[in-house]
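So the chains spell out like this:
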Amino acid sequence: MEVFSPYQKNITKKIGKTFEISHWKDWKWQIKHRIRDIDTFEKISGIHFETQKRTKIEETISEFPMSITPYYLSLIDKDNYENDPIFIQSFPSPSELVVHKCEMTDPLAEDKDSPVPYLMHRYPDRVLLHVSNVCSMYCRHCTRKRKVGEVDSIPDKEVLQKGIDYIRQTKQIRDVLLSGGDPLMLSNDYLEWILSEIRAIPHVEIIRIGSRVPAVLPYRITKELISMLKKFHPLWLNTHFNHPREITASSKEALRLLADAGIPLGNQSVLLAGVNDCPKIIRKLCHKLVQNRVRPYYLYQCDLSRGLSHFRTPVGKGIEIIESMIGHTSGLAVPTYVIDSPGGGGKIPIMPNYLISWSTNKVVLRNYEGVITTYKEPDSYEPIFCDRNCDDCDLQLNLEEGIERASIGIEKLLSDANRTIALVPEDNERYSRRNQ
Ligand SMILES: *Cc1c(COP(=O)(O)O)cnc(C)c1O
Ligand code: SF4
C-alpha cells in the first residue's frame, strides 16, 4: 500500500509543476531536487523565517551546508516545526556555530587509524571503508560534518583499490564495513564493483553496509539494487533511524525489500537532545524497528564534534533510557548504549549496574524491578589452565584453519598464558620516575 499525503503532492507540484508519483518515487529525482537553500526551503515547506533569523541561518549554512530530500522534508510537521524531530535533524540551527573548548574536528581520531586513504583499521579483525563522501540528506548531528558537505566526492577505483589491497594483505580482517557518507549514494554498478572485489577476498567473512537511505531516501532501495546486493551474502546492513516518526509507509517498504532479500538489518541511533532524549520515544522507535525486522544495534552518545553541543545530553540520560528498557521490554528491542571514546579508543558500552556486590561464593544482583537477589557461585570449579596450547587441551576446540591471535587489552590480564599483571599508560609519571 502506498500512501502519499496531500503535502507530498503539493511539494512535488511546487518542484515539478505537476504531481507525478513516478517522480516522487524516483530517487534520482529526489536527489536532483534536494533542498539546499533557505528560499527553496521556504517556498516548498511553507515555513517562513524573519530577516534576523534568516541571516543567522545563512551564516550556519555557509559553515555547514544544508541538504534535505523532498521526501524527508515532507515529514516535517510545519505547524510545530520548531519542536519537530525531522526539522531539527535536517534544518541548520545557529547553535551549530557555538564552539566549545572540548569539541574537536576529528574527535574519534579517525585520521590517525587510517593506514591507507579512506580505510580505517581500529579494531583487530574489522575495518571501515569510506566509499563515498556523499549523503542525500545532511544530518545536522553528523560526526563527520567536516567531511560530509565539504565536497561531495566519491573516491575513484584507483584510490579504493588501495584500501581493497590492504584488506587482501591483512589476513586478520574478517569483517568489512562500507561506510561514508552513504554507500548507497553510489551507482549500482560502482557499488557492485566494490562488493565483488571485497567478496573475492577469501578471509573476508562478512560485509556490512551502513546507510541512512532507508530513513531519508527510501526510494533508493529499488528492486535492481536488491537483486545486486543479494549476490554478496553474507551481507548485513545497518541503518540509522532516530525517531519513530521517520518510520513511514515508504521506509517500511524499503526495509521489507531488504529483509526479504535475506539481508539482516540493524539500526544505529544517536541520542539527541530535543529529538529523542526520552525513554518513551526510544522505546517506541525500537518497537517499530523490531516490527519491521530491524534489530536495534547501537544507541550512540553524541560525539564531541564541532557544532554538536546543542545536541548533547548527559550520559545519565542514556543510562535512564536503557534502564527503562532492559527487562521491561523484549531484549531484542534493546540497543547497546555506547560512547565512542574521544581520541580513538573505539566504542565503549555503558549499562546501568546490575551487579551490586559479591563475595567469594555469592554475587548480589538486582533486577529491573529493584528486586535484590543472589546467585550462588559453584563450590567446586576446576579452572582449566590455559597456556593457549590448544593441542594439549581437554576442551574440544577444533580451530582447524583458524588463525591464532594474541590476546590484547583486559583480555590479556585475564589470560593464564600471559604474564602481564598491569596495563600502564605510556606517560605514567610514576614509571618515568623509576626509569630515571
Ligand atoms: C564501529 C566501528 C567498527 C565496527 O564495530 P562493531 O562494534 O563491530 O560494529 C569498525 N571500525 C570502526 C572504525 C568503527 O567505528
Ligand atoms: S547519513 Fe550519516 S554520514 Fe550522512 S550526514 Fe547523516 S550522519 Fe552524516
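Residues numbered from 1 in each chain as written. Chains lettered and ligands numbered in written order. Predicted model: local features only at pLDDT ≥ 70, side-chain atom pairs only at ≥ 80, totals over all residues. Heavy atoms only, no water.

### Regarding the site of ligand 2
Point 1. Lining the immediate environment of ligand 2, one finds nine residues, of which Cys135, Met137, Cys139, Cys142 and Arg212 sit closest.
Point 2. Grouping the amino acids of the shell around ligand 2 by side-chain chemistry returns six nonpolar, two polar and one charged. (Near = heavy atom within 4 Å. Nonpolar A, V, L, I, M, F, W, Y, C, P; charged D, E, K, R; others polar.)

### Comments concerning the nonpolar core
The tendency in soluble globular proteins is for nonpolar side chains to be buried as a group.
Point 1. Grouped together as the largest cluster of nonpolar side chains are 81 residues, with contacts concentrated most on Phe41, Leu178 and Leu229.
Point 2. Top element by residues in this core is helix α9 (residues 188–199). It accounts for six residues.
Point 3. Shared between two domains, this core holds at least three residues of each, these being domain 1 (6–95) and domain 2 (119–352). (Core = buried A, V, L, I, M, F, W, Y, C linked by side-chain atoms within 4.5 Å. Buried < 20%, exposed > 50% of the residue type's maximum accessible area, 1.4 Å probe, protein only. Helix = DSSP H or I, 4+ residues; strand = E, 2+ residues; numbered from the N terminus. Domains from an automatic or database assignment.)

### So, the site of ligand 1
Point 1. In the neighbourhood of ligand 1, the contacting residues comprise Met120, Arg122, Tyr123, Arg126, Leu128, Leu177, Arg208, Tyr297, Tyr298 and Lys347.
Point 2. In this structure, Arg208 approaches ligand 1 through a side-chain N or O atom, which is 2.8 Å from an oxygen atom.
Point 3. Side-chain polar atom of Lys347 to an oxygen atom of ligand 1: 3.0 Å apart, as the coordinates give it.
Point 4. The fraction of the free accessible surface of ligand 1 (380 Å²) that becomes covered by protein chains is 90%.
Point 5. Those elements that place two or more of their residues in the shell around ligand 1 are β1 (119–123), β2 (126–130) and β7 (294–300).
Point 6. Top contributing element to the shell around ligand 1 by residue count: β1, with three residues. (Polar contact = N/O pair within 3.5 Å; in protein donor to acceptor, adjacent residues only side chain to side chain. Areas by Shrake-Rupley, 256 points an atom, 1.4 Å probe, with all protein chains shown as cover.)

### Here's the deal with the domain arrangement of the protein
Point 1. The domain boundaries assigned to the protein delineate domain 1 (6–95) and domain 2 (119–352).
Point 2. On a C-alpha basis, the centroid separation for the pair domain 1 and domain 2 is 24 Å.
Point 3. Contacts between the two partners involve 30 residues from domain 1, matched on the other side by 33 residues from domain 2.
Point 4. Summed over both partners, the interface of domain 1 with domain 2 buries about 2600 Å², with 60% contributed by carbon and sulfur atoms.
Point 5. For the domain 1 face of the interface with domain 2, the top three residues by lost area are Trp27, Tyr71 and Gln89, together amounting to 29%.
Point 6. Connecting domain 1 to domain 2 are two salt bridges.
Point 7. A salt bridge links Glu63 to Arg306; the nearest nitrogen and oxygen atoms lie 3.3 Å apart.
Point 8. The interface formed by domain 1 and domain 2 holds 17 residue pairs in polar contact (both at pLDDT 80 or more) in total.
Point 9. Counting residues per element, the ones that place at least two in the side of domain 1 that touches domain 2 are α3 (27–32), α5 (51–63), α6 (70–73) and α7 (85–90).
Point 10. Sort the elements by how many residues they give to the side of domain 1 that touches domain 2 and α7 lands first, with five residues. (Contact = heavy atoms within 4.5 Å. Buried area = accessible area lost by both parts, 1.4 Å probe. Salt bridge = Lys/Arg side-chain N within 4 Å of Asp/Glu carboxyl O.)

### Details of unusual backbone geometry
Point 1. Cis geometry marks the peptide bond from Gly180 to Gly181, where omega comes out at 15°.
Point 2. Structurally, Gly181 can be placed in the loop between β3 (175–179) and α9.
Point 3. With omega at -5°, the peptide bond leading from His233 into Pro234 counts as cis.
Point 4. With respect to the helices, strands and loops of the structure, Pro234 is situated in the loop between α11 (223–229) and β5 (235–239).

### Some remarks on the packing of aromatic side chains
Point 1. For the structure shown, the criterion picks out 12 aromatic pairs.
Point 2. Where Phe49 meets Phe91, the ring centres are 5.0 Å apart and the plane angle is 15°; that geometry is what we call stacked. Note that Phe49 is positioned in the loop between α4 (38–45) and α5 and Phe91 in the loop between α7 and β1, a separation of 42 residues in sequence.
Point 3. Residues Tyr298 and Tyr300 carry aromatic rings whose centres are separated by 5.7 Å and whose planes lie at 70° to one another, so their mutual orientation is edge-to-face. With respect to class, Tyr298 is no different from Tyr300; both count as buried.
Point 4. The rings of Phe41, Phe49, Tyr81, Phe87 and Phe91 are connected pair by pair, giving a single aromatic cluster.
Point 5. Across the ring face of Trp27, the terminal group of Arg220 is positioned such that the distance to the ring centre comes to 4.0 Å.
Point 6. Lying over the aromatic face of Tyr431, Arg434 brings its terminal NZ or CZ to 4.6 Å of the ring centre. (Phe/Tyr/Trp six-rings, centres within 6.5 Å; stacked < 30°, edge-to-face > 60°. Lys NZ or Arg CZ within 6 Å of the ring centre and 35° of its normal.)

### Focus on the pairing of strand β4 (residues 206–210)
Point 1. Across the five residues of β4, four count as buried, placing the element largely inside the fold.
Point 2. The pairing of β3 with β4 spans four bridges and is classified as parallel. For Leu178, the partnering residue across the bridge sits in β4 and is Ile209.
Point 3. The parallel pair β3 and β4 is bridged by α9, and the resulting crossover is right-handed.
Point 4. Both β4 and β5 contribute to a ladder of four bridges, which runs parallel. Opposite Arg208, over in β5, you have Trp236 as the bridge partner. (Pairing = 2+ DSSP bridges. Right-handed = clockwise from strand over helix to strand, strands pointing away.)

### Examining the sheet that holds β7
Point 1. Spatial strand order, β1-β2-β3-β4-β5-β6-β7-β8-β9: nine strands in an open sheet with mixed pairing. Each of the sheet's edge strands pairs with one partner strand only, and the pair in question is β1 and β9 (346–349). Taking the axes of each pair of neighbouring strands and ignoring which way they run, one obtains an average angle of 30° across the sheet.
Point 2. Direction of pairing for strand β8 (residues 336–341) relative to β9: antiparallel, over a ladder of four bridges. Bridge pairing in β9 links Ile339 to Ile348.
Point 3. The strands touched by helix α13 (residues 279–291) are β6 (265–270) and β7; relative to β7, the strand with the most contacts, the crossing angle is about 150°.
Point 4. In the packing of helix α14 (residues 315–323) onto the sheet, the strands contacted are β7 and β8, and the crossing angle to β8 comes to about 160°. (Axes fitted to C-alpha atoms, helices over the stretch in contact; angles between N-to-C directions.)

### Section: the packing of helix α1 (residues 6–16) against α4
Point 1. At their nearest, the axes of α1 and α4 sit 9 Å apart, and the two run at 130° to each other. The pairing of α1 with α4 is recorded here as oblique in orientation. Listed contacts from α4 to Tyr7, Ile11, Lys14 and Ile15 of α1 are Lys43, Ile44 and Ser45.
Point 2. Counted by class, the contact of α1 with α4 contains four nonpolar, one polar and two charged residues. (Parallel < 35°, antiparallel > 145°, perpendicular 65-115°, else oblique.)

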